[in-house]
Amino acid sequence: MADFTPRIKELRSKIDRRQHLENVTENLQSQYNNLLIKCDELYNTWNKEENDVVSIEEGSLTGFFLNMFGKKEEKLDKERREAYAAKAKYDSAEREKQAVKYDLDRYTAELDSLQNADEEYAALLKERMEFIERNGIAGSEDILALEENLYFLENNRRELQEAIDVGNQAAS
């Protein structure tokens, strides 16, 4: 008798992984979109601060009055600190955006490789059902339903064990 069980388990794992990756990529895409907006805002803030520095350095009316009252260097130092801080925030957000994009691309590639798992699984179940019917094995539908239930229970047990492990790690 042909043993379909290992291949069925493998395909069920691929389907579960695909479903998990769909959730992860959706979350990452949302993070990435938010970071695009944040980076744009931080870039504009940094650009404004840089323009303030240039304005004071190149002799704007404000720079002239600050120089006249002896406050130009003090104001220039303040504006440079603000520009530096704005640039640091922008750079940090850009790095975060790039890291999220890297993860998103990686998970999307893996997700793409699992797109046919449902069809492969359905085809394998059909092949197995035909094998069972050809060989006159009684209760073939019951066997398939029981195996599906067994897989579901094993998957839940594995997820519960993972949750327990995470809880134990957090408690220690």
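Residues numbered from 1 in each chain as written. Predicted model: local features only at pLDDT ≥ 70, side-chain atom pairs only at ≥ 80, totals over all residues. Heavy atoms only, no water.

Structural notes on the pattern of salt bridges
One pass over the full model with this rule turns up 14 salt bridges. Residue Glu-10 pairs with Arg-7 through a salt bridge whose shortest N-O separation is 2.9 Å. With Glu-10 and Arg-7 both in helix α1 (residues 5-57) and three residues apart, the pair spans about one turn of that helix. For the salt bridge of Arg-17 with Glu-110, the shortest nitrogen-to-oxygen distance reads 2.8 Å. Of the two residues, Arg-17 is situated in helix α1 and Glu-110 in helix α3 (residues 72-113); the sequence distance between them amounts to 93 residues. Classification of Arg-17 as partly exposed rests on a relative accessible area of 32%. (Salt bridge = Lys/Arg side-chain N within 4 Å of Asp/Glu carboxyl O. Helix = DSSP H or I, 4+ residues; strand = E, 2+ residues; numbered from the N terminus. Buried < 20%, exposed > 50% of the residue type's maximum accessible area, 1.4 Å probe, protein only.)

A look at a negative patch on the surface
A cluster of acidic residues, Glu-127, Glu-130, Glu-133, Glu-141 and Asp-142, forms a negative patch at the surface. Sorting elements by how many residues they give to the negative patch places helix α4 (residues 117-134) first, with three residues. Within the secondary structure, Glu-141 is located in helix α5 (residues 140-171). (Patch = residues over 30% accessible without salt bridge, like charges linked within 9 Å, V, L, I, M, F, W, Y side chains within 5 Å. Areas by Shrake-Rupley, 256 points an atom, 1.4 Å probe, with all protein chains shown as cover. Lys, Arg positive; Asp, Glu negative; His and termini not counted. Charge placed at Lys NZ, Arg CZ, Asp CG, Glu CD.)

Observations concerning the environment of Glu-49
Inspection of the secondary structure puts Glu-49 in helix α1. It is 9.2 Å that separates the C-alpha atoms of Glu-49 and Arg-81, two residues lying 32 residues apart in sequence. For Glu-49, the residues in contact, after removing those within four places along its chain, are Glu-79, Glu-82, Ala-83 and Ala-86. (Contact = heavy atoms within 4.5 Å.)

These results come straight from atomic positions and should not be treated as a statement about function.
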